[in-house]
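Summary of the model geometry
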Amino acid sequence: VRRFFLPLIAVLALAAAACGSDEEATTTTPAGGTETAAADACAKDQLNLVSDGQLTIGADNPSFPPWFQDAEGAPWDPTGPPTDQGYEAAVTAGVAEQLGFSPDEVRWVVVPFNNSYKPGPKDFDFYVNQVSYKPARDEAVDFSDSYYDVEQAVVALKDSEFAGATSLADLQGAKLGAQVGTTSYDAIVNVVQPDQEPAVFDRNIDAITALKNGQIDGLVVDFPTSLYVTAVQVPKGTIVGRLPAGEEYLGFVFEDGNPLRDCVNEALAALHEDGTIEQLQDEWINASAPPVLE
Amino acid sequence: LRASGVSGRRSTLIALLSTVVFGAVVVLIVASSPGWPEVKRLFFSGDVFADSLEVIPEAFLVNVKIFLVAEALILPCGLLIAVLRSLPGPAFFPLRAFAVVYADLFRGIPTILVIYLLGFGVPALGLSGVPIDPLFWGVVALVLVYSAYVSEVYRAGIESVHPSQAAAARSLGLSHAKALRFVVLPQAVRRVIPPLLNDFIGLQKDTALVGLLGVVEAFRQSTIDSSATFNFTPYLVTALLFVALTIPLTRLTDWLILRDRRRQMALAPR
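Heads up: these notes are all about the structure in this document. Keep in mind the model is a prediction, meaning the values are calculated, not measured.

Let's shift gears to the interface of chain A and chain B. Facing 18 residues of chain A, the contacting portion of chain B comprises 18 residues. Regarding the contact of chain A and chain B, the summed buried area is about 1400 Å², with carbon and sulfur atoms giving 57% of it. Three residues, V200, N213 and Q215 of chain A, lead the burial of chain A against chain B; their summed loss comes to 35% of the area buried on that side. The tally of links between chain A and chain B comes to 1 salt bridge. The salt bridge partner of R220 of chain B is D202 of chain A, with a shortest N-O separation of 2.6 Å. At the surface where chain A touches chain B, the tally comes to 9 residue pairs in polar contact (both at pLDDT 80 or more).

A few words on the side chain of R242 of chain A. Relative to the elements of secondary structure, R242 of chain A occurs in strand β10 (residues 237–243). At 2.9 Å, the side chain of R242 of chain A and the side chain of E151 of chain A are in polar contact.

Close approach of charged atoms allows side chains of opposite charge to pair. Residues and elements named next belong to chain B. Summed over all chains, the structure comprises 10 salt bridges over all chains. Here R155 and E152 are joined by a salt bridge, their closest N and O atoms 3.2 Å apart. Of this pair, R155 and E152 both sit in helix α6 (residues 134–160), separated by 3 residues, roughly a single helical turn. Note that R155 and E159 form a salt bridge whose closest N and O atoms lie 3.2 Å from each other. On the criterion of helical spacing, the pair formed by R155 and E159 is a turn pair, its members being 4 residues apart in helix α6. A relative accessible area of 56% means that E159 is categorised as exposed.

Attention shifts here to the packing of aromatic side chains. Pairs of aromatic rings are described using the distance from one ring centre to the other and the angle between the two planes. Here the structure, examined in full by the defined rule, presents 26 aromatic pairs over all chains. Judged by centre distance (5.0 Å) and plane angle (45°), the rings of Y102 of chain B and F106 of chain B are tilted. On the criterion of helical spacing, the pair formed by Y102 of chain B and F106 of chain B is a turn pair, its members being 4 residues apart in helix α4 (residues 93–108). One exposure class covers both Y102 of chain B and F106 of chain B, and it is buried. Put simply, the rings of W67, Y87, F126, Y147, Y148, F252 and F254 of chain A pair up and form one aromatic cluster. The lysine or arginine in question, R242 of chain A, covers the ring of F223 of chain A, its NZ or CZ lying 5.2 Å from the ring centre.

For helix α8 (residues 176–206) of chain B, spanning 31 residues, the distance from its first C-alpha to its last is only 37 Å, which falls clearly below the expected 45 Å at 1.5 Å a residue. Along α8 of chain B, the sharpest change in direction is near 55° and occurs at I193 of chain B; proline P194 of chain B comes one to four residues later.

Residues and elements named next belong to chain B. Running from N to C, helix α3 (residues 46–85) and helix α9 (residues 218–229) point in directions that differ by 155°, and their axes come no closer than 7 Å. If you check the angle between α3 and α9, you find them roughly antiparallel. Here the hand of the crossing between α3 and α9 comes out right-handed. Note on element contacts: α9 touches α3 through A218, Q221, S222, D225 and T229, opposite V48, V55, I56, A59, F60 and N63. The residue inventory of the contact of α3 with α9, partitioned by class, reads 6 nonpolar, 4 polar and 1 charged.

The next point concerns the environment of S33 of chain B. Residue position: S33 of chain B is located in the loop between α1 (5–32) and α2 (36–43). At 2.7 Å, the side chain of S33 of chain B forms a polar contact with the backbone oxygen of V30 of chain B.

It is worth spelling out the sheet that holds β10 of chain A at this point. Residue and element names in this part refer to chain A. Taken in spatial order, the 5 strands of this open sheet run β8-β7-β9-β6-β10, and their pairing is mixed. This sheet does not close on itself; its edge strands, each paired only once, are β8 (199–201) and β10. Sheet twist, expressed as the average angle between the axes of neighbouring strands with direction ignored, equals 30°. In this structure, strand β7 (residues 176–179) lies alongside β8, joined through 3 bridges in parallel fashion.

What follows is about the pairing of strand β2 (residues 106–110) of chain A. Every regular strand shows the same layout, with side chains that alternate between the two sheet faces. Residue and element names in this part refer to chain A. Sheet analysis places strand β1 (residues 55–59) next to β2, joined by 5 bridges and oriented parallel. In the sheet register, L55 faces β2, and the bridge partner there is V106. Since β1 and β2 lie parallel, the crossover through helix α3 (residues 87–99) that links them has a hand, and here it is right-handed.

All names here are of chain A. Along the chain, N61 connects to P62 via a cis peptide bond; the corresponding omega equals -5°. Relative to the helices and strands, P62 resides in the loop between β1 and α3. Residue P66 is bonded to the preceding P65 through a cis peptide linkage, with omega at 0°. Tracing the backbone through its elements, the reader meets P66 in the loop between β1 and α3.

What follows concerns the packing of α8 of chain B against helix α10 (residues 233–264) of chain B. All names here are of chain B. Running from N to C, α8 and α10 point in directions that differ by 170°, and their axes come no closer than 9 Å. The pairing of α8 with α10 is recorded here as roughly antiparallel in orientation. Counted together, R190, I193, P194, L197, F200, I201, Q204 and K205 of α8 and F242, L245, T246, L249, T250, L252, T253, L256, I257 and R263 of α10 form the full contact between these two elements. Taken together, the residues of the contact of α8 with α10 sort by class into 11 nonpolar, 4 polar and 3 charged.

Residues and elements named next belong to chain A. Burial analysis of β1 places 5 of its 5 residues in the buried class, which makes it a mostly covered element. Taking every second residue as pointing to the same face, both faces of β1 are buried, with L55, I57 and A59 on one and T56 and G58 on the other. Across 2 bridges, β1 lies against strand β3 (residues 126–127) in parallel orientation. When the sheet's bridge partners are listed, G58 is paired in β3 with Y127.

The rules behind the values
- Every chain's residues receive numbers from 1 upward, in the order its sequence appears when written.
- Written order determines the labels here, with chains lettered from A and ligands numbered from 1.
- Totals for whole chains, interfaces and linings use all residues, but because this is a predicted model, local features are given only for residues with pLDDT of at least 70 and pairs of side-chain atoms are given and counted only at 80 or more.
- In computing side-chain values, all of the structure's heavy atoms are included and hydrogens and water are not.
- Only heavy atoms matter for contacts: two residues are in contact if any of them lie within 4.5 Å across the pair.
- A 1.4 Å probe defines the accessible area here, and the buried area is the portion of it lost by two parts on being joined, summed over both.
- The salt bridge definition used is simple: a Lys or Arg side-chain nitrogen within 4 Å of an Asp or Glu carboxyl oxygen.
- The term polar contact refers here to a pair of N or O atoms within 3.5 Å; inside protein, the definition further demands a hydrogen-donor-capable atom paired with an acceptor-capable atom, and it admits residues adjacent in sequence only when both atoms are side-chain atoms.
- Counting from the N terminus, the helices are the DSSP runs of H or I reaching at least four residues and the strands are the DSSP runs of E reaching at least two.
- Working definition: with a 1.4 Å probe on protein chains only, accessible area under 20% of the residue-type maximum means buried, over 50% means exposed, and in between means partly exposed.
- Here a pair means two rings of Phe, Tyr or Trp (six-membered ring of Trp) with centres within 6.5 Å. Their orientation is stacked below 30 degrees between planes, edge-to-face above 60, and tilted elsewhere.
- Note on geometry: a ring has a charge over it if NZ (lysine) or CZ (arginine) is within 6 Å of the ring centre and within 35 degrees of the ring normal.
- To estimate how far a helix should extend, the number of its residues minus one is multiplied by 1.5 Å.
- At every residue, the bend is computed as the angle between two fitted axes, covering the seven residues ending there and the seven beginning there respectively.
- To get an axis, a line is fitted to the C-alpha atoms, and for a helix only the part in contact is used. The angle between two axes follows their N-to-C directions and goes from 0 to 180 degrees.
- Angles below 35 degrees are treated as roughly parallel, those above 145 as roughly antiparallel, those between 65 and 115 as roughly perpendicular, and all remaining angles as oblique.
- Put simply, a crossing is left-handed when the front helix is turned counterclockwise from the back one by less than a right angle, and right-handed when it is turned clockwise.
- Put simply, Ala, Val, Leu, Ile, Met, Phe, Trp, Tyr, Cys and Pro go in the nonpolar bin, Asp, Glu, Lys and Arg in the charged bin, and everything else, Gly too, in the polar bin.
- In short, DSSP must find at least two bridges between two strands for them to pair.
- With the strands pointing away from the viewer, any crossover whose connection runs clockwise from the first strand over the helix to the second is right-handed.

Shown next, in the form of structure tokens:
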């Protein structure tokens, strides 16, 4: 029970703090006028919503920790009870709060990941499931600003000779693997630049199997995923280190041209400004963060 | 078929003309379609084509390596299975049964599943001394699947040799093994060379499935390039490489079939 309420309390406290700093900002900055005008367009009854008075948010089923989890810390099923556990759940709750929605005015719908960024009308207001901004995707849908800048991480088996690597140079001789078409693969080729050609897989689960089998020495995935990989999928695995952040970021996905995006961006900006985002990242993602390899 | 003289030249002219007209119509329809500029950009980009040519041929060597090694193992394995299946007498029933079950099983399971199960499954057993190299298991999977196909080809060849041939050999005092080795198989194998080459071409294309295990071969390399550029031209490069290899083999097969038919019809080769 305690685990369930702690983040909730944290979010509420921070939201309260955010209101406080907002007040200060309006009294001290001359830009207050435009802020009020924008706030009007983003008033709750002015928002462009799929169903009135309700925020409809899409996520995949199941959605994995540390992004979403249920009260037991297991992957979360959006068709079940709602959750505010996990980084994306907490940020979404913060955004909903900023837009003026109470938790019971938020409805979740299941949307498979690959459908989220396809062109066409949407049955959700926005979609939250670690969708990376990509120019090609941006042509079909609209992305919010970043709510998470993605770092990559190297996972190895604990008994591997590369588990103790402390620098990129230590990884030179490793056979690394990643999923095809990901920034993880780009990070191997551009950042680590190992001597051996990397192994490339269709799906992350194939790469994870290869790691377990010893067919690759190290698996490169985005850092939050590496937490789940080492915690659940490969208990014998360890995060060797993080790789310097690239340009990848996660954003909420909107139907192309949806004006709601600007309002969500404002909400995100507020959450960035008052430190909520940073605090939630520390809480959900960075708690046991390994060093960045140079 | 060859024709001679004036009528020959006339048919050549007509064939040429109809090909040109047909080609022109196809080009016109494709080029005037509303989506053509987009298709041209996505599938026929000159820049991407040039970039792909620098990396994909190198990855294609992996495919060549795989099918050369695999084919060298498939030919004897397939023959062995076919011979096992043709063994006479009740004592050899277990071997015959094995050959039948083997061929049924590995012709029935999709190749992609065999590769997946062996490539990820066997190394997961963690047995010491058992290789974990994905390339190794990819080749093993292809050998298992194609040996089953090839064994059926051999069997068809063996059964096409008239029983009187074997009977005559046995009556001369040759053992079953010797009759098979010196009388039946030489005739059988010669007859099935064209379908064997056909399976060899199929094998070449299926080497792309080994990429599933993380091996960077031509198709996997083109997937990497394609997802980096949001362009499908790398796939075109890979397709052309495969075609460049299979077309000479297809022509060779055609020629072998033609030569065989002429021989059987007792026509002198020209």
